[in-house]
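Inside the fold
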Amino acid sequence: MSAPSATHASVCPHDCPSTCALDVQVLDGSRIGAVRGAAGNSYTAGVICAKVARYAERIHHPDRLTHPLLRTGPKGSGQFRRIGWDEALDRVAGEFAAIAARHGTEAVWPYYYAGTMGLVQRDGINRLRHVMRYSRQKMTICTSLPEAGWNAGIGEARGVDPRELAQSDLIVIWSGNPVSTQVNVMTHISRARKSRGARLVVIDPYRTPTAAAADLHLAPRPGTDGALACAVMHVAFRDGHADRAYMARYADCPDALEAHLRTRDPAWAAGITGLTVAEIEAFARLYGTTKRSYIRCGYGFARSRNGAAAMHAVTCLPTVAGAWQHPGGGALWSNRAIYHWDKTLIEGLDALDRSVRVLDMSRIGSVLTGDRTELGDGPQVHALLIQNQNPLAVCPDSNRVRRGFARDDLFACVHEQFMTETARWADLVLPATMFLEHDDLYQGGGHSHIQIGRKLIEPPGECRSNHDVIQALAGRLGARHAGFAMTAMEIVDATLRASGWPDAETVLRERWVDVMPPFEDAHFLTGFPQPDKRFHFAPDWSRQGDNHAVMPALPDHMETIDATAPDRPFRLVTAPARSFLNTSFTEMPTGRKREGRPTVLMHPGDAARLGVTEGSRVRLGNERGEVVLHARLAEGQLPGVLVAESIWPSEYFEGGIGINALTSDDPGPPFGGAVYHDTAVWLREAAQEMPLAAE
């Protein structure tokens, strides 16, 4: 007899702007079956990615961590023995207390990011941090560069309703790959193409699945998007496509911008981007003559040393064109600013002391190896509590990160679902729940819905939620805060009420609350969220970060990238793989089978000159490290451009070190940020010793 089942509402927790509304089949209250997108949600529209559709494979994986583990062998050996929860928590609290007594509280660094997007389970670690005065965390691994660039001109992280894509006549996916990473965007694009004959343009350094589906694909060199945007604006002013009346009302200095752009013509941009003048002219004409043009900004082009400047340049386009005025016109990067959360209970903001130092999460390798530009005059970090992150694989300059974790005087506790690379280097590993095994509150970044995901099944073994672990440690450490005495659902309800939203009972009954601002506000027709209510072609970069002196006064190509040189003639982009989400889902056999193995995409012309054939073993390297991959020949990218779709766990690479051995932890200005797609490397056949030239 088949097991009885019921379908329940839930929310995808993964680090994609969608946080999709889900319908989850629950079998016997202990296992899940089918996972589908909720058809009634106007953004999810019944569609989810293949990764989440196969979630039963992940949540019931035989390799789930199910018991606390104590290291018994050398660091990184993966040798552990099972212990009980009381012993595990006592050990963590004891280490933290002893280290704080010996070195000061700032020697303890709680470290986290977005392994879950649930607000309680993700951000509750900050409540412990603030109450105990542990080192704070500068959040730079993902959003700081694009957010600085977006906010520089617009003022805050919000934009046009993504469902308006269906009303557009031209859709520009600028450095994103939603076919692989945010499939719901394609749902609304498809509606526009079918109902309106809308054209799709993709701007990306290589032919992604989204680019392959586009009407036009422009493949500039990595780190040159600002030059392309400037040339498009040059053509708009030159050919009469600029909306001068709109700019006079809504922008700060259109005359200064026009004068500045007179030398930024398509020929200038072609020399920088590698695109032809004809390609740039054609795109500029298409954009300038289409009023309902929607730019969906991705993250990729901002993950560069000039990424914030490039993002700002791209956001200038709909202002020059006046596209914000029209349904289906304008732009969106993220709608994260529309929620106005009061996270006092979740994060313990009433205990926050801003004099406690802040450490840059993207530079964890530099932090743990004693870089005083990060540590300041405070103590070395001697203890880590890691949730929702896998820094040994994900963070830049992973050889340096590994050296930091190898320190004998560092105690690391990792709360995880699988034995990740970071967990293998831990002193103590705690088993974590997955999203269907705990309660949480979610917002959308790429859409506008508030949702609650309830616990639907019991976790395997002795897995505990992030919230439960933080509460238990707080009790042992003597931390006092109202949030430590509340359940996750009590915090969800209180946070909703404090933030001016309906209570938890209402949200659960309605399934979601759509908080999208009205058309006039979403299109900034009531003014931009700047002090003067105008879009800023000339930003005050000092409002975005301390390292603002290097930023361009007006939109421009910023010459700060990791440029090629004779000994490093290739530019490397480490783009997302379709079957993985950072290092999540890499444990699923179906995803690994689809991706095959770690590869590097290279232009056939480069391969022919270098004698590299399909499947050849090639070695990539620079001053930070080396990795071995297999070559794949790929049309649709310029010579000299390499793409390694990632992030494969390190054990899948020869030599046991992953792709981020090559990426730098240099902070992108003005606020900092990881520059994953801004890397110069050499390439040679794995058996050779001398670097091979790009040209």
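Attention here is on the structure that accompanies the text. Quantities reported herein were computed from a predicted structural model and do not represent experimental measurements.

1. Considering the overall build of the protein chain
Helices and strands together make up the secondary structure of the protein chain, namely 27 helices and 25 strands. For 695 residues, the compact-globule estimate of 2.2 N^0.38 gives 26 Å, and the protein chain sits close to it at 25 Å. Referenced to the eigenvectors of the C-alpha coordinate spread, the extents of the protein chain come out at roughly 70 × 65 × 60 Å. By residue count, 64% of the 695 residues in the protein chain fall in the buried class. Surface exposure of the protein chain reaches about 23,700 Å², of which carbon and sulfur atoms provide 49%. Between the centroid of the 73 positive side chains of the protein chain and the centroid of its 78 negative side chains there is a distance of 2 Å.

2. With respect to the side chain of Gln387
Summarising the element assignment, Gln387 is placed in strand 14 (residues 383-387). A polar side-chain atom of Gln387 sits 3.1 Å from a polar atom in the side chain of His415. Contacts of Gln387, omitting those with residues within four sequence positions, involve Tyr111, Tyr112, Tyr113, Ile125, His415, Asn466, Val469 and Ile470.

3. Considering the sheet that holds strand 6 (residues 108-112)
Across the sheet, six strands lie side by side as 5-4-16-15-14-6; this open sheet has mixed pairing. Only two strands of the sheet have a single neighbouring strand rather than two, namely strand 5 (80-82) and strand 6. Across the sheet, the mean angle separating the axes of adjacent strands is 20° when strand polarity is ignored. Packed onto the sheet, helix 3 (residues 85-103) meets strand 4 (69-71), strand 5, strand 6, strand 14, strand 15 (411-416) and strand 16 (428-431) and runs at close to 130° relative to strand 16. On top of the sheet, helix 5 (residues 125-132) reaches strand 6 and strand 14; it is set at about 160° to strand 6, its chief contact.

4. Digging into the pattern of salt bridges
Scanning the model with the defined rule gives 50 salt bridges in all. Glu87 is paired through a salt bridge with Arg81; the nearest N and O atoms lie 3.9 Å apart. A residue is classified by how much of its surface remains accessible, and Glu87, at 31% relative accessible area, is partly exposed. Among the residues examined, Arg81 registers a relative accessible area of 39% and is labelled partly exposed. Each of Arg363, Asp371, Glu374, Asp397, Arg400 and Asp665 takes part in one network of salt bridges that share partners.

5. Observations regarding the side chain of Asp161
Tracing the sequence through the fold places Asp161 in the loop between helix 6 (144-153) and strand 8 (170-174). In this structure the side chain of Asp161 is engaged in a polar contact, spanning 2.9 Å, whose partner is the backbone nitrogen of Arg163. For Asp161, the residues in contact, after removing those within four places along its chain, are Tyr294 and Met516.

6. Focus: the pairing of strand 14
With five of five residues buried, strand 14 is to be regarded as a mostly interior element. By the alternation rule, side chains of strand 14 split into Ala383, Leu385 and Gln387 and Leu384 and Ile386, which are all buried. Alignment of strand 6 against strand 14, held across five bridges, turns out to be parallel. The residue bridging Trp109 from the neighbouring strand is Leu384, located in strand 14. Bridge analysis of strand 14 against strand 15 gives five bridges, and the strand direction is parallel. Residue pairing for strand 15: Ala383 is matched across the bridge by Phe411.

Here is what the cut-offs are and how they apply
Residues numbered from 1 in each chain as written. Predicted model: local features only at pLDDT ≥ 70, side-chain atom pairs only at ≥ 80, totals over all residues. Heavy atoms only, no water. Helix = DSSP H or I, 4+ residues; strand = E, 2+ residues; numbered from the N terminus. Rg over C-alpha atoms; globule rule 2.2 N^0.38 Å. Buried < 20%, exposed > 50% of the residue type's maximum accessible area, 1.4 Å probe, protein only. Areas by Shrake-Rupley, 256 points an atom, 1.4 Å probe, with all protein chains shown as cover. Lys, Arg positive; Asp, Glu negative; His and termini not counted. Charge placed at Lys NZ, Arg CZ, Asp CG, Glu CD. Polar contact = N/O pair within 3.5 Å; in protein donor to acceptor, adjacent residues only side chain to side chain. Contact = heavy atoms within 4.5 Å. Pairing = 2+ DSSP bridges. Axes fitted to C-alpha atoms, helices over the stretch in contact; angles between N-to-C directions. Salt bridge = Lys/Arg side-chain N within 4 Å of Asp/Glu carboxyl O.

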